[in-house]
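# Breakdown of the fold
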Amino acid sequence: PTKHILTPIHLAAFQRSPTYRDVTTFIDDLNESVIGLQLADVKPSPVRRTQSLIDILDQVLDIAHRTPPVDNKLSRFGNPAFKTFYDKVGEASTSMHRGLVPDEAIPEVETYLKESWGNRQRVDYGSGMEFNFLCWMLCLVKLNAVQQSDYPFLVLGVFWKYIQVMRYLQSTYWLEPAGSHGVWGLDDYQFLPFLWGAGQLKGHKHLKPKCIHDPEILEAFSSKYMYLSCISFINSIKTASLRWHSPMLDDISVVKTWDKVNSGMIKMYQAEVLGKLPVMQHALFGSLLPFPTVQEDPTLADAEEIEPDSHGHVHAKGETGWTMDCCGIPAVPSAFAES
């Protein structure tokens, strides 16, 4: 898989493509599969389809445990040991996938998994890397390594395990958030746990969005619902109030129902992740998740040639005049106001 989105024209072509529809449909289907479920409600499939994915994540975590951070007094962020960890995962990834997908598909599928843990050069992590993990799961579906009946466990088992591993990596190697203000006040690193976490809580008879401010509710239910677990995790690593360090989450808490929070999260993800060049310039496309050709989308013939810089960034002026790169996104999402 390689990068294709270098200009707004490329981004618009992606948003019109079958791959975009596959991705958004996949997100929606996974969301629907977990409505009303708690984290403990799902188990690996009896034929080990999904357990093999947990085994892969356990191997990644084991590699991290065996690759401790080095003494790094020069910077708060970016421990150099992350690059060693990243290389070790790359060396082991082929064997991780053997037997899970056809051998000829391994080079393509393993690329998404390797790129899910952060950027080796910049030693950072953000929603673009989280998107790679989503693409990894979608590739497994396309290759029939997992089935639609596995979707609840894919979210509440596999993806949630990925989040646990990422929390360890973020705290161990001090990965810098890929965006100077985190993901718009949601979380410094993640987005999808909030989207699918709100899906879990849709229609809950007692828990309302404002409950994130109640310490007793968080203590009682954070082990059952992703959204509440994420709030508890943020509270555990930040000292100021939620309003100060996570203003978007604070604003969302006044929404009346989880249905509206969930639909707002879906709109926000489409607009602020899938719809933003600073994030999607790092997206990877191959045979399983193809990028449209000029023949399929003639507008691509008008795309100008832009070379990424030494960090793999594209720096292009947006319509507002802001310089768009993955170190900051000026737009404030309005998805929730429109819900």
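From a predicted model like this one, the values you see are computed outputs, not experimental measurements.

This part takes up helix H10 (residues 226-237). Under the 1.5 Å per step criterion, the end-to-end length of H10 is 17 Å for 12 residues, consistent within 8% with the ideal 16 Å. All buried positions along H10 are accounted for by Met 226, Tyr 227, Leu 228, Ser 229, Cys 230, Ile 231 and Ile 234.

Here the focus is empty space enclosed by the protein. As enumerated under the stated definition, the model contains 1 cavity of 30 Å³ or more in all. Lining the largest cavity, in full, are Phe 14, Thr 19, Val 23, Phe 131, Cys 135, Ala 283, Leu 284, Phe 285 and Leu 289. Breaking the lining of the largest cavity down by element, the ones donating at least two residues are helix H2 (18-33), helix H6 (127-142) and strand E4 (284-285). When grouped by side-chain class, the residues that make up the lining of the largest cavity number 8 nonpolar, 1 polar and no charged.

Let us now look at the confidence of the model for the protein. Across the protein, pLDDT averages 87, with 84% of residues at or above 70. Residue range residues 180-184 is modelled with pLDDT below 50. Its contacts to residues more than four positions away, or to other chains, number 16 contacts. Under a pLDDT of 50 for its full length, residues 316-333 has, in the predicted model, 39 contacts with residues more than four places off or in other chains.

Thresholds, definitions, all that
Residues numbered from 1 in each chain as written. Predicted model: local features only at pLDDT ≥ 70, side-chain atom pairs only at ≥ 80, totals over all residues. Heavy atoms only, no water. Helix = DSSP H or I, 4+ residues; strand = E, 2+ residues; numbered from the N terminus. Expected span 1.5 Å × (residues − 1). Buried < 20%, exposed > 50% of the residue type's maximum accessible area, 1.4 Å probe, protein only. 1 Å grid on protein atoms, 1.4 Å probe; cavity = no way out; pocket = protein on both sides within 12 Å on 5 of 7 lines; lining within 4 Å. Points joined across faces, edges and corners; volume = space filled by probe spheres on them. Nonpolar A, V, L, I, M, F, W, Y, C, P; charged D, E, K, R; others polar. pLDDT = per-residue confidence, 0-100. Contact = heavy atoms within 4.5 Å.

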